[in-house]
Amino acid sequence: MKTSIIYDTDLAAFEIIKGNVIGLPTETVYGLGADAENPIAVLKIYKTKNRPSFNPLIVHVKDIEDIIKYSVEVPSVVYDLVDAFSPGPITYIVPRNNLIPDIVTADMYSVAMRIPSHELFREVLIKSGKPIAAPSANMFGKVSPTTADDVLNDLDGKINYVLEGGKCSIGIESTVLSFKEDEIIILRPGFITKEQIEKVVNKKVAIFDGTNALPESPGMLKNHYAPNTPLYLTSDIDHFKNIPNIGIVDLNLYGYLELSALNLFSELRKADEGNFDYIVAKEVDNAGLGFAINDRLHKASQGYAEFINGKIIFKKK
Ligand code: TXA
Ligand code: MG
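Residues numbered from 1 in each chain as written. Chains lettered and ligands numbered in written order. Predicted model: local features only at pLDDT ≥ 70, side-chain atom pairs only at ≥ 80, totals over all residues. Heavy atoms only, no water.

Participant: Sorry if this is basic, but what is going on with the pattern of salt bridges here?
Facilitator: Between side chains of opposite charge, pairing is possible as soon as their charged atoms come close. In the structure shown here, the tally under the stated rule is 15 salt bridges. The residue Lys 127 makes a salt bridge to Glu 123 at a minimum N-O spacing of 3.7 Å. Taken as a pair, Lys 127 and Glu 123 lie in helix α5 (residues 119-128) at a separation of four residues, close to a single helical turn. By relative accessible area, which is 41% here, Lys 127 ends up partly exposed. Of the residues examined, Glu 123 reaches a relative accessible area of 32% and is grouped as partly exposed. Between Lys 315 and Glu 306 there is a salt bridge, with its nearest N and O atoms 3.0 Å apart. Take Glu 306: its relative accessible area is 32%, and that puts it in the partly exposed class. Here the salt bridges do not stand alone but share partners, grouping Glu 173, Asp 295, Arg 296 and Lys 299 into one network. (Salt bridge = Lys/Arg side-chain N within 4 Å of Asp/Glu carboxyl O. Helix = DSSP H or I, 4+ residues; strand = E, 2+ residues; numbered from the N terminus. Buried < 20%, exposed > 50% of the residue type's maximum accessible area, 1.4 Å probe, protein only.)

Participant: Before we go on, may I ask you to explain the packing of aromatic side chains in this structure?
Facilitator: The description of an aromatic ring pair rests on the distance of the ring centres and on the angle between the ring planes. Under the counting rule described, the total for this entry stands at five aromatic pairs. Measuring from centroid to centroid gives 6.1 Å for Tyr 232 and Tyr 278, while their planes differ by 65 degrees, and the two rings are edge-to-face. A residue pair is termed long-range when its members are at least 10 positions apart, and Tyr 232 in strand β12 (residues 231-233) and Tyr 278 in strand β14 (residues 278-282) qualify at 46 residues. Of the residues examined, Tyr 278 reaches a relative accessible area of 28% and is grouped as partly exposed. With centroids separated by 5.6 Å and ring planes inclined at 85 degrees, the aromatic side chains of Phe 240 and Phe 307 adopt a geometry described as edge-to-face. (Phe/Tyr/Trp six-rings, centres within 6.5 Å; stacked < 30°, edge-to-face > 60°.)

Participant: Hey, could you run me through the packing of helix α4 (residues 76-85) against helix α7 (residues 194-201) in this one?
Facilitator: Working note: a packed helix pair is described by the angle between its axes plus the distance between those axes. Direction vectors running N to C along α4 and α7 enclose 120 degrees, while the axes themselves pass 10 Å from each other. The angle between α4 and α7 places the two elements in the oblique class. Judged by the sense of rotation from one axis to the other, the crossing of α4 with α7 is right-handed. Judged by residue contacts, Val 77, Asp 80, Leu 81, Ala 84 and Phe 85 of α4 engage Gln 196, Ile 197, Val 200 and Val 201 from α7. Here the contact of α4 with α7 is built from residues that sort into seven nonpolar, one polar and one charged. (Axes fitted to C-alpha atoms, helices over the stretch in contact; angles between N-to-C directions. Parallel < 35°, antiparallel > 145°, perpendicular 65-115°, else oblique. Left-handed = near helix turned anticlockwise from the far one by under 90°. Contact = heavy atoms within 4.5 Å. Nonpolar A, V, L, I, M, F, W, Y, C, P; charged D, E, K, R; others polar.)

Participant: Please clarify how the packing of helix α8 (residues 257-273) against helix α9 (residues 290-300) should be interpreted in this entry.
Facilitator: Contact pair α8 / α9: the axes reach a minimum separation of 9 Å and the direction vectors enclose 20 degrees. By the angle class used here, α8 and α9 are roughly parallel. The way α8 lies across α9 gives a crossing that is left-handed. Along its contact with α8, which presents Leu 257, Ser 260, Ala 261, Leu 264, Phe 265 and Leu 268, the element α9 presents Gly 290, Ile 293, Arg 296, Leu 297 and Ala 300. By residue class, the composition of the contact of α8 with α9 is eight nonpolar, two polar and one charged.

Participant: Is there a simple way to explain the sheet that holds strand β15 (residues 303-308) in this structure?
Facilitator: As summarised here, the arrangement of the five strands in space is β13-β14-β12-β15-β16, forming an open sheet in which the pairing is mixed. Edge strands, defined here as strands with exactly one partner in the open sheet, are β13 (246-250) and β16 (311-316). Here the strands of the sheet are splayed against their neighbours by 35 degrees on average, with no regard to which way each runs. Pairing geometry for β15 and β16, over six bridges, is antiparallel. Each residue of the ladder has a partner; that of Gly 303, found in β16, is Lys 316. Where α8 meets the sheet, it contacts β12, β13 and β14, and its direction lies at approximately 170 degrees from that of β13. Sheet strands touched by α9: β12, β14 and β15. Its angle to β12, the strand with the most contacts, is close to 130 degrees. (Pairing = 2+ DSSP bridges.)

What follows is the structure in structure tokens.
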């Protein structure tokens, strides 16, 4: 099978209707989409990216009416959050009904739903008339794609088409929120920050740290987003700069966290292509959007690197 980059949303919508998987642009990262109501099409997503079957998918829909359509009950606070942030980089976990096949949610009774803002993705949603299940369009555990070429690099020969939609305007995944009685919990930090959410809901929001008493959150795996070259974090990046065979990723140089997020995955991919022995990366300031960026860097890393008495010491996590 040869994979082609296409520009035609009619063709992309037809691919969804036919029950195939296709690379689709979203504002956050490129997704690997299929008809969420078709269990065989959804199975192809897991097979194509080698995703473990216990890790549920996000279903992308065009509006709040669709969230209501696939949910048993939408928590009232979701309406406020939709008003503030959707369409956009935020995902709501809601109790699902039986229009969503079990395979989409890895047998859980909840489903993750997002209303994306990318114009071309929205066209495919409207033209196909289907909800679209889509994880990021990379091999499982690897760096997320932010261009159509990134998708080709990972999945060439495994899918028929990637819809060209330019470089993603955000570059980091959506914030995933779960609702438990009165509590709102961030299951995965993303572009929309805790502070932004708290302002809308007018109360404190919790961050899942692996210890909260919570329904399972299979996507919060410790190692993820990883380049093939071993990556280590350091607070001492200057010391590593002139060492041969070490690639440097310092997102602080962008000056604005939005730009650091935008370039996060492309920097990791570029460093990976440099044939280095190691990649050394520096975290950004942990406030606001920095929290989501550092989350990705942590999960991409194998531990910390320090420079002690002229020697590099690697500490595995
Ligand atoms: O920005 C994004 O969210 C991108 C674009 C393509 O929309 N999608 C994305 O999908 O990042 P993926 O599959 O790479 O990550 C989905 C996350 C995982 O951490 C998964 O475990 C979690 O959402 N998730 C999905 N359904 C869930 C559920 N019912 N309960 C708890 N977590 C869920
Ligand atoms: Mg992913």
